[in-house]
Each structure stands twice: as structure tokens, then as C-alpha cells.
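Remarks on the overall topology
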Amino acid sequence: MTFLIAFRSLLQHKRRTFVLGAAVAFVTVVMLTLLGIAEGMNRTLIESSTTLMSGHVNVAGFYKVTAGQAAPVVTHYKQVVEVIRQAVPELKYIAQRGRGWAKITSDGGTNKMFGLTGIDVKNEKGLAAVLKIKEGKLEDLAKPGSIMLFEDQARDLEVKVGDALTIQAPTPRGVNNTLDVTVVAIANNMGMMSQFSSFINEASLRQLYQLNDETTGALMIYMGTTDLVQLKKVEDKLREALGKSGYQILEEDPRAFFFKFENVTREAWTGQKLDITNWRDEVNFVSWTVDLMNALAFFLAFVFLSVVGIGIMIVMWISIRERTREIGTLRAIGMQRGRVMRMFLAEGFLLGVLSTTAGALFGLVLAVVINGADVTLPQGFQFILMSDHLKVVPTVAWTLVAVVFITAVITGISLLPSFIAARLKPVTAMQHVG
Amino acid sequence: MPNSIVSIRDVVKEYSLGKVVVPALRGVSLEVERGEFISIAGPSGSGKTTLLNLIGCVDTATRGTVEVAGKNTSALSERQLTQLRLDTLGFIFQSFNLVAVLTVFQNVELPLLLQNKLGSGERKKRVMELLTAVGIDTHAQHRPSELSGGQRQRVAIARALVTEPQIVLADEPTANLDSATGEAIIDLMKDLNQKKGITFIFSTHDHRVMKHADSVVRLADGKIIGKESADAAVQAALTSAAGRSPVGAH
């Protein structure tokens, strides 16, 4: 009966309920859309990071001949692979990739620093499925002395397929080495990540760093899940197993490998230390944008809700004034204060549930429309949103979070008017004129 | 066991209007027997509604004692007073005070839902019996706004009786009704009083209503000036009215 009275009271004031409901639904749409954009960024981030520069879990490392010289390599990696396979038998596959951080100069004299990933393209089926080649052929990366760039990198270096580049990097022995390569493919950008990473023939990377066949940059382990809680357990297992096998492990440091160079070179040790990370660690330097977008969604929702909330509170005051005699009657015939309070709270709750549900449906439709319209983003937004197109990915979890959050706020806003309604003395309420 | 269902002793009720204290009742004492059909009469401002509010436990006395169904109301908490109202008292209001968004059936069912003692089937049976008794069963699914004043007051009577209370309080129950409908409502209340033994206490200043009472408590300026038979009270009311009327002065 409490909900029936609440529901019918809302229906009785159709226009008022519609205006408030529309405002709440609008807030829901805004929040869901922003969360959907954040989720789109997150997925792009996961996809691009696990394609371009990371496995789900990575076993990488630094090798230091002298205390002040570090190279991002894992020596005798096949033995490390054996330990990994025994410790984590559920893994899907392991890809070994060379890693480097080098200066690349074009024939025109333009140069740029970015990460190099050495790959054996024949064993990188996942990569071929994700990269969209704009110019040239990815398979040509099988040729020694070949490199694949992303379109922005090619534009910055002013090169096209077939042009030559010179790569310069310090070897683990501390001497600079150079290598001439040819651009064999240019791929569409993959968000912010494609600013920092490019692919090079694995043998050529070895040649650049003067590494033998037993040495690689990183062992990228693919688990079939990107869930960080699950991956954290895998990392712990690897730390324990590799430690027991006599490997030195770097302390946990959730940053991309190229951010660790400075710390590692300052430390006094020499030899090999392994570094265990997950995909999120490798993209930590850009993942703040996803967190920022999520925070923005909640912040904007909070600001809008504050405005809508004041409206709701005013309308509830009016409603309570209009229904003071009814409250008095209900109290007189034996309705306890708690029940009166629940009756008004139920109004706020129903308004919240119905409007947020409607808002969620509108939000889903809007997401379909935006994704269908294939909106191309301006350059600046492409960098921040990690995608060249606006992508809204509504999820069940975020939809529920938005519906529950907004409904809870609306119900909370109803608390004070409801409390005051419940505190009315029956005799005063029944004598109310208005 | 005393037969009084309402016992009021030396009750004073004062209202504060800023710094001014306005007395509404000045030392009222009254005993109401079980099963009585009693009217509280008096001119506007005499304290009828205040007295009913104190008996109905919706207001508290400034001084004195109010006992309802053997319970001293000043000793009860707000929650206990609400429960006492729900279980022991029924209310009929001058303006009917039905819940506009509920149907006739739901309005009558509401006190039973608050009591939460009966199952759905029993509730439905009792509500329909009462709606039939007050002659409004064919309008069970109507909203109050679709009923006439007399019909609404019948619904209010059904709502007041549905919990089988010991006392029904009615504040000017016929004031907003035409005389024929008012008569019918009083006849209905009297019939229920005689058949079910429920105590009815109603306020009125209409001598046509007053004449149906077993006894009439007459109030003036916040004091009881007499408890007398209906005939005597009607006669007194008529005399008083004639004294005030320019026609009666001749």
C-alpha cells in the first residue's frame, strides 16, 4: 500500500513528475554516456596495450654489464619459459618479443624517440587480426631490416612505405649502435598507445642490440582474461616460481618498462633481474585518462544531481504541504511515523527507479546511434580517447551502477522532507489549510 | 470492571499563540459509558473539537487526565498512542479525509493493512461486508472524487469501523452534507451502535442530529455546562437559537 500510494501520488501530478523524471533521466543519460566513453577508452587501451606492447602478464627484465648501463633484455629466456609453463599451466600462449627504446631518424633529418617491439610476424596471428594496415604489408616484417609504423609516426617522420630510416640505440655493453631499416607497412593509429610503439623485425632488433638467440626483450603471457585480480594471482605465482628457480626479481613497480630505466641504472647491482608486470602496469602512464573520464562522469552526474536534487526537494516540500491533511489523517487512523516516512521515501525511490531506468534505455539507444554514426574525433580528442572514432560502450555493470547511484541519491534527497512529514503532529496536520 | 470507556478528569487544554495563552478547555471532566451514542454540542469555539482530539489521542492535555479504554494517554509514547488509535478508535471527519489516490475499497482496507493482522481474503471479506452495510459496495472500485458527499462519508464510516474499534469519534459528521443525507448518516451510525455496541462520540451543533443521541454533553467557553438527554438538549439549543435570532426576539 505504501508503494501504491506513492506511485499513484506521482501519477496524480503527471506534469510535475514528468519534468522531474525527465531531469533525472537526462542525468542518467549523461552519466551512462560518459561511463560508456570511458569504457570504450578502457577497451581500446586493453586492446591496444595487449596488442602493441604487453601480454596479459609479462616477464621482462634488465641486464646490466656495469652498474650504470641497463638493457631491457631477458637472457636465456627459454629456461625462463620452462619455469613459466610449469608455474602457470593454464596460460594460452607465450609470445617472446624484443624490446627497445631508440632514436629513429628519417632521410629528411626528422627524428623521434619511441619504443621498438621486435616481433616474429609469422607467430603473431593476434597482431595481424587487430592491426589495420593502411599501406604496405604486415607480412613484410618477416624480412630483415624492416619496420612497421603507425600513421602519425610516419607523418611525423615524413616517410611512406619503401622509405629508409636509421635507428640508433645503446647496446647492453654500453656502446651506441645504428641500424638502417625500410618502412614496409603503415598501420592505422590505435589511440594514444600507437604514439609510443612501433614494430620491427625481431632479428633486426637483435642485430641493433647485438643480442644472441637466447636473449629476448619480454615474454608476453596471454591468459584469456584481462581481469586484473586474476592476473595478480598469476603474477604472484610467477614471482614465487621464478624466485625459487634462482632468478633475481625486481620489486613490484606498476610502471611501463621504459620508465624504469632511470631507477635501474641508479642501482648498484649488475647481471640479470626479471621484472613481472601486467598489461595495466605497462599502460599506467596513459590509463589515468580512463580514470579521469570515470571521475568526470561521476563528477558531472553529481553536479547535475545537485541541481535536480534541489528541484526534487522543493517539489517534495510542495507535495508535503499539499498533502498535510492527508498525512494528518493517516497518522490519526493509526499510521506510524516510520510508515509515513517510508511512504514519501517510496515516492523518491520510485521516481528515481523509473526515471533512471528510462534514462538508461535512452542512454543505450544513444550509444547505438553514436556508434552507428561512426563519429570521427578531432586530433586532440583522438589522443585522449585513444581512438580515432567516438566509441561508447555501455556495460551492464556501469548501467547498474548509474541506476543504483542516481536512485540512491534521489531517495537520499527525499529523506529530509520525508522525515519532516513523519514528524508532523496529527492534530496540526489535520487542521492545515492549503 | 468499570463500565467507562472514556474517563476525563479536570482536563485543561491551552494553546500558545506567541506570548498569549488561549484556553480551549477549562477543567473538563466527563465519563462515557461503553456502547453510548453521545453527542458533544456547543457553539463554534466552545471546545468540541479539542475535546474530541484529546479523546482521539491526536492531541495531549495541558493538565488533567484522559483515559481511553482504560489507558492513561499521558503515560503513553507517541508509538503507543498511534497503536491505540489504530486498535481502539475509529475516526469520521467533517471533510471525510479520504486518501484521494486510493479507491473506496483501498481506503477502507488501509487500517487493516496498518494493523497487519488479517490475511488478504479475510480483509477483502470484511471490507466488502462493511461497504455493503453502509450501502456503497457497488462503488468499491471508484475513487473518492467520483462520489457524492454522502457517499464519501459512508466510506469514511466504513473505514472507521473496519478495525472493529471500541470507540468511533465523529467531528461534525454531517456538517458538509445536506439534511436528508445527514439524517441518513446519523441513522446509519445509530444502527451500527445498536447492532455492534460500538461507542459513538460525535460533535455537532445541529439539533436535528443531536436528537438521535442517548445523551448530549453541552460545552460553552471550554467548560461542560451539562450532560442531559437529547430532548432536553434540543430544546435548550432551540431556545438559545431563538434568543439570538431577530425573529425569536419578538
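The structure we're discussing is the one just above.
Described below are features of the structure shown in this document. Quick caveat: nothing in here was measured; it's all calculated off a predicted structure.

As for its placement among the helices and strands, Lys48 of chain B is situated in helix α1 (residues 48-55). Put simply, Lys48 of chain B and Ala24 of chain B are 24 residues apart on the chain and 9.2 Å apart in space, counted from C-alpha to C-alpha.

This part is about empty space enclosed by the protein. Residue and element names in this part refer to chain A. Applying the stated criterion across every chain, the model contains five cavities of 30 Å³ or more. Computed from the structure, the largest cavity encloses a volume of approximately 150 Å³. Lining the largest cavity are 15 residues, with Leu10, Arg16, Leu20, Val315 and Glu347 positioned closest to its centre. Secondary structure elements with two or more residues in the lining of the largest cavity: α1 (2-12), α2 (14-52), α10 (284-322) and α12 (337-373). Broken down by element, the lining of the largest cavity gets its largest block of residues, four residues, from α10. Residues belonging to the lining of the largest cavity are distributed by class as follows: six nonpolar, six polar and three charged. Taken as a whole, the second largest cavity spans an internal volume of roughly 80 Å³. Together, Met53, Arg99, Gly115, Leu116, Thr117, Phe196, Ser197, Met220, Phe257 and Phe258 line the second largest cavity. No other element matches strand β3 (residues 111-119), which puts three residues into the lining of the second largest cavity. Among the residues making up the lining of the second largest cavity, the classes are represented as six nonpolar, three polar and one charged.

Turning to the pairing of strand β7 (residues 176-187) of chain A, a few remarks are in order. All names here are of chain A. Pairing of strand β4 (residues 133-136) with β7 involves three bridges; the strand directions are antiparallel. Each residue of the ladder has a partner; that of Gly136, found in β7, is Ala185. Taken together, the five bridges between strand β5 (residues 146-150) and β7 define a ladder with parallel strand orientation. Pairing of Phe150 across the sheet is with Ala187, part of β7.

Within this structure, the stated rule accounts for eight aromatic pairs over all chains. Ring centres 5.4 Å apart and planes at 75 degrees place the aromatic pair Phe298 of chain A and Phe405 of chain A in the edge-to-face group. Of this pair, Phe298 of chain A sits in helix α10 while Phe405 of chain A sits in helix α14 (residues 396-413); the two residues are 107 residues apart in sequence, bridging distant segments of the chain. Under the relative-accessibility criterion, Phe298 of chain A is labelled partly exposed at 26%. Taken together, a centroid distance of 5.1 Å and an interplanar angle of 55 degrees make the contact between Phe37 of chain B and Phe202 of chain B tilted. Separated by 165 residues along the polypeptide, Phe37 of chain B in strand β3 (residues 37-41) and Phe202 of chain B in strand β8 (residues 199-204) bring together distant segments of the chain. Take Phe37 of chain B: its relative accessible area is 0%, and that puts it in the buried class. For Phe202 of chain B, a relative accessible area of 0% translates into the label buried. Members of the aromatic cluster, connected to one another through ring pairs, are Phe298, Trp398 and Phe405 of chain A.

All names here are of chain B. As summarised here, the arrangement of the six strands in space is β6-β7-β8-β3-β9-β10, forming an open sheet in which the pairing is mixed. Lying at the two open borders of the sheet, with one neighbouring strand each, are β6 (89-92) and β10 (223-229). Between one strand and the next, the sheet's axes are offset by a mean angle of 20 degrees, whatever the strand orientation. Direction of pairing for β6 relative to strand β7 (residues 167-171): parallel, over a ladder of four bridges. Bridge pairing in β7 places Gly90 opposite Val168.

Our next topic: the interface of chain B and chain A. Opposite the 26 residues of chain B that make contact, chain A presents 23 residues. In total, chain B and chain A occlude about 2300 Å² of area from one another, counting both sides; carbon and sulfur atoms represent 61% of this. Among the residues of chain B in contact with chain A, Val58, Val101 and Leu114 of chain B are the three that bury the most area, contributing 24% of the side total. One can count one salt bridge joining chain B with chain A. Salt-bridge contacts for Arg331 of chain A lead to Glu78 of chain B; the nearest nitrogen and oxygen are separated by 2.5 Å. Here chain B is connected to chain A by eight residue pairs in polar contact (both at pLDDT 80 or more). Within the residue set of the side of chain B that touches chain A, elements represented by two or more residues are α2 (78-88) and α3 (104-115) of chain B. Here the side of chain B that touches chain A is built from residues that sort into twelve nonpolar, seven polar and seven charged.

Attention now goes to the pairing of β10 of chain B. Residues and elements named next belong to chain B. As defined by bridge partners, strand β9 (residues 215-220) adjoins β10 across six bridges and the pair is classed as antiparallel. In the sheet register, Arg218 faces β10, and the bridge partner there is Gly226. As consecutive antiparallel partners, β9 and β10 are separated by two residues, and within that stretch Asp221 has a phi angle of approximately 50 degrees, a positive value.

Turning next to the pattern of salt bridges. All names here are of chain A. Under the counting rule described, the total for this entry stands at 36 salt bridges over all chains. When the shortest N-O distance is used, the salt bridge between Glu262 and Arg266 registers 3.4 Å. Pair noted here: Glu262 and Arg266 are both in helix α8 (residues 261-266), with a separation of four residues, about one helical turn. On the basis of relative accessibility, which here comes to 54%, the residue Glu262 falls in the exposed class. In the salt-bridge network here, residues are joined through shared partners; they are Lys112, Asp152, Arg155 and Asp156.

This part takes up the environment of Glu326 of chain A. Mapped onto the fold, Glu326 of chain A is located in helix α11 (residues 324-332). Residue class for Glu326 of chain A comes out buried when judged on its relative accessible area of 17%. Along the primary structure Glu326 of chain A and Met430 of chain A are separated by 104 residues, whereas in three dimensions their C-alpha atoms are 7.4 Å apart. Dropping the residues within four chain positions of it, Glu326 of chain A is found in contact with Ile5 and Met343 of chain A together with Val99 of chain B.

The next thing to look at is the packing of α11 of chain A against α12 of chain A. Residue and element names in this part refer to chain A. Contact geometry of α11 with α12 gives a least axis separation of 10 Å together with a crossing angle of 140 degrees. Considering their axes alone, α11 and α12 lie oblique with respect to each other. The way α11 lies across α12 gives a crossing that is right-handed. Every residue of α12 that contacts α11 at Glu326, Ile327, Leu330 and Arg331 is listed here: Arg337, Val340, Met343 and Phe344. In terms of residue class, the contact of α11 with α12 is made up of five nonpolar, no polar and three charged.

On the surface, a cluster of nonpolar side chains totalling about 380 Å² of accessible area is made up of Leu296, Phe299, Phe302 and Val303 of chain A. Residue position: Val303 of chain A is located in helix α10.

Looking at the largest pocket, its volume works out to about 380 Å³. Lining the largest pocket are 17 residues, with Met430 and Gln431 of chain A together with Thr49, Phe93 and Asp171 of chain B positioned closest to its centre. Counting only elements with at least two residues in the lining of the largest pocket, the list comes to α16 (426-430) of chain A together with α1, β6 and β7 of chain B. Considered class by class, the residues forming the lining of the largest pocket number nine nonpolar, six polar and two charged.

With that settled, the discussion passes to the nonpolar core. Val59, Leu131 and Leu238 of chain A are the most contacted members of the largest nonpolar core, which totals 105 residues. By residue number, the principal contributor to this core is α2 of chain A, which donates 14 residues. Counting 42 residues, the second largest nonpolar core, distinct from the first, contains Leu130, Val155, Val209 and Val234 of chain B.

Reading the values: rules and limits
- Residues numbered from 1 in each chain as written.
- Chains lettered and ligands numbered in written order.
- Predicted model: local features only at pLDDT ≥ 70, side-chain atom pairs only at ≥ 80, totals over all residues.
- Heavy atoms only, no water.
- Helix = DSSP H or I, 4+ residues; strand = E, 2+ residues; numbered from the N terminus.
- 1 Å grid on protein atoms, 1.4 Å probe; cavity = no way out; pocket = protein on both sides within 12 Å on 5 of 7 lines; lining within 4 Å.
- Points joined across faces, edges and corners; volume = space filled by probe spheres on them.
- Nonpolar A, V, L, I, M, F, W, Y, C, P; charged D, E, K, R; others polar.
- Pairing = 2+ DSSP bridges.
- Phe/Tyr/Trp six-rings, centres within 6.5 Å; stacked < 30°, edge-to-face > 60°.
- Buried < 20%, exposed > 50% of the residue type's maximum accessible area, 1.4 Å probe, protein only.
- Axes fitted to C-alpha atoms, helices over the stretch in contact; angles between N-to-C directions.
- Contact = heavy atoms within 4.5 Å.
- Buried area = accessible area lost by both parts, 1.4 Å probe.
- Salt bridge = Lys/Arg side-chain N within 4 Å of Asp/Glu carboxyl O.
- Polar contact = N/O pair within 3.5 Å; in protein donor to acceptor, adjacent residues only side chain to side chain.
- Parallel < 35°, antiparallel > 145°, perpendicular 65-115°, else oblique.
- Left-handed = near helix turned anticlockwise from the far one by under 90°.
- Patch = residues over 30% accessible without salt bridge, like charges linked within 9 Å, V, L, I, M, F, W, Y side chains within 5 Å.
- Areas by Shrake-Rupley, 256 points an atom, 1.4 Å probe, with all protein chains shown as cover.
- Core = buried A, V, L, I, M, F, W, Y, C linked by side-chain atoms within 4.5 Å.

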